[in-house]
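Spelled out from the first residue to the last, the chains are:
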Amino acid sequence: MNLKAIIAIIICKLLRAFSRLVHRGGTAMPGRIALKLCPELLSIVSRGVKTVAITGTNGKTTSSRMVEQAFLEQGKSYFANRSGANLISGITTEFVMNSSLTGKCRKEYAVIECDEAAARRVFPQLRPQVVVVTNLFRDQLDRYGEVTHTLENIRAALEPIPQARLCLNADCSLTSSLALELKNPVVYFGIEKGAAPSRPKPEISDATHCIRCKAEYEYDYISYGHLGGFRCPRCGYSRHKADYAVTEILSQGADSSSLIMDIRGEKHMVTVNLPAMYNIYNAIGAVAAVSQMGLGAQAAISALGDFQCGFGRMERFPLGKGGARMMLVKNPAGCSQVIEFLENLREKFMLVVCLNDRSADGTDISWIWDADFEGLTKLSGYLEKIVVSGDRASDMALRIKYAGVAPEYIETEHDYEKLVEWMEGQEKPIFIMPTYTAMLELREVVISHCGGSEFWE
């Protein structure tokens, strides 16, 4: 290894140590500076590491935690970018911190969450053994552009690594289309027809027309968004049979789901330690990833009942008598799924919604008008109050008002300290829906009041 790389590693380690000393995290900045000194540093420090990479619009962090739990329970030597620093700078930092000064990684495996726009730079250097693509939805238009642009980014990222085994969401017509042109070996995961109630038509669709011939898709069933049993009546492009499939959803509670999974012909009863349909997709995708990494399906199934959710992703806090659960939202499809989860609750609760428009959130907040906030009107008798906060609290209050919620149920609180103090005094459960930077700021105040781990832990 050249001297430039060694110097970059030393500087990265020193910057990380200093950042942690002053409680600033140091998840991305050390790697960003190290890469300026040695642009190919990630390819050096990731050499020889067996890596599973998870990318896609929604579910990256949760899926990564599920996969990571399987490695932990199997006693594997591994590390992960748990902080969610999923650009090349943050990923490089994690590899450097697990490597010697000569660039030799001390761990055998890595579980890496990768931003879908960053994959084009990361994957050719990282050379993962397995790549999971969770789904593709419209997200942060100011940064990603149209969803087909994100698809092309991922396709370009995968082309230089034809040896990587792909785990693709069979129910996502965009994700599945990656197999049409790439040479990689592919397995599919998904939810089968009849496993859950189907919608008559997509409520929010980012893929209404065939990726190949532009004819309008027909659906045999829809789980949510544009996910489901799609087929093109003109060219025949359709949902691929899933190798890893959820065949029955036995129950969905406020804290968990019980499922039947068909894993390459073998049926398994599975408990997922999280509620909501989108987490069922995360679970079956994680099973595919762990199996393809050679740990076996049973290791993945065990992990699903034991793992702890990632920060801000259905994370629980002991706030007030009823407790609080934080659920990150960032695009119409994901937000609508969280609202649908709330619709299925049968208890009285409070709701906090925090909207920011900073670069990490996406500066274009027009997506809130596409999300199904109208679903909140179905919660009469259960939803007692909505408190809005964040940089764009007034926009969120207006959106909820236009959704049909009476103004007397909506309050605004910009001060997070006062907001958390209010939550501490509540008797009912509280559900918090923040965008990314609002989640980081509010979560910091929450853990200062009731304890919890830092976001990088």
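Keep in mind that what you see is a predicted model, and the values were worked out from it rather than measured.

### Here's the deal with helix α4 (residues 60-73)
Taking 1.5 Å as the rise per residue, α4 with 14 residues should run 20 Å; its terminal C-alpha atoms sit 20 Å apart, in good agreement. Within α4, 12 of the 14 residues are buried, which leaves it mostly tucked inside the rest of the structure. Here α4 has its buried residues at Lys 60, Thr 61, Thr 62, Ser 63, Ser 64, Arg 65, Met 66, Val 67, Glu 68, Gln 69, Ala 70 and Phe 71. Positive backbone phi, approximately 70°, marks Gly 75, located one or two places after α4.

### Regarding helix α2 (residues 29-37)
For α2, the set of buried residues is Pro 30, Gly 31, Ala 34 and Leu 35. Summarising the axial view, the buried residues of α2 lie within an arc of 130°, below the 170-degree limit, and thus occupy one face. Packed against the buried residues of α2 are α1 (3-21), α3 (41-45) and α5 (88-97).

### A short note on the sheet that holds strand β16 (residues 410-412)
One open sheet holds the six strands; their spatial order is β12-β13-β17-β14-β15-β16, and the pairing between them is mixed. The open sheet has two free edges, formed respectively by β12 (313-317) and β16, since each of these has just one partner strand. Recorded for the sheet is a direction-independent mean angle of 20° between the axes of neighbouring strands. Pairing analysis gives three bridges linking strand β15 (residues 383-389) to β16, with the strands arranged parallel.

### Observations concerning the nonpolar core
Grouped together as the largest cluster of nonpolar side chains are 133 residues, with contacts concentrated most on Phe 373 and Met 433. At 11 residues, the largest contribution of residues to this core is made by helix α10 (residues 277-292). Non-local contacts of Phe 373, meaning those with residues more than four positions away in its chain, are made with Cys 335, Ile 339, Ile 368, Met 396, Arg 399, Ile 400, Ala 403 and Met 433.

### Digging into the sheet that holds strand β6 (residues 186-191)
Reading across the sheet, the nine strands line up as β2-β3-β1-β4-β5-β6-β9-β10-β11 and stay open at both edges, with mixed pairing between neighbours. Looking at the sheet topology across the chains shown, the edges are occupied by β2 (78-80) and β11 (266-272). Pairs of neighbouring strands in the sheet enclose a mean axial angle of 20°, with direction left out of account. Relative to strand β5 (residues 165-169), strand β4 (residues 130-133) runs parallel, the two being bridged by four bridges.

### A short note on the pattern of salt bridges
Going through the model one piece at a time under the given rule, you end up with 25 salt bridges. A salt bridge links Arg 231 to Asp 220; the nearest nitrogen and oxygen atoms lie 2.9 Å apart. Of this pair, Arg 231 sits in strand β8 (residues 227-231) while Asp 220 sits in strand β7 (residues 218-224); the two residues are 11 residues apart in sequence, bridging distant segments of the chain.

### A look at the packing of helix α6 (residues 119-126) against helix α8 (residues 147-158)
The geometry of α6 relative to α8 is characterised by a closest axis approach of 8 Å and an angle of 15° between their N-to-C directions. Classed by the angle they form, the pair α6 and α8 counts as roughly parallel. For α6 against α8, the interelement crossing comes out right-handed. Facing α6, whose interface residues are Ala 119, Arg 120, Phe 123 and Pro 124, α8 presents Asn 153, Ala 156, Ala 157 and Leu 158.

Calculation criteria
Residues numbered from 1 in each chain as written. Predicted model: local features only at pLDDT ≥ 70, side-chain atom pairs only at ≥ 80, totals over all residues. Heavy atoms only, no water. Helix = DSSP H or I, 4+ residues; strand = E, 2+ residues; numbered from the N terminus. Expected span 1.5 Å × (residues − 1). Buried < 20%, exposed > 50% of the residue type's maximum accessible area, 1.4 Å probe, protein only. Arc of directions from axis to C-beta. Contact = heavy atoms within 4.5 Å. Pairing = 2+ DSSP bridges. Axes fitted to C-alpha atoms, helices over the stretch in contact; angles between N-to-C directions. Core = buried A, V, L, I, M, F, W, Y, C linked by side-chain atoms within 4.5 Å. Salt bridge = Lys/Arg side-chain N within 4 Å of Asp/Glu carboxyl O. Parallel < 35°, antiparallel > 145°, perpendicular 65-115°, else oblique. Left-handed = near helix turned anticlockwise from the far one by under 90°.

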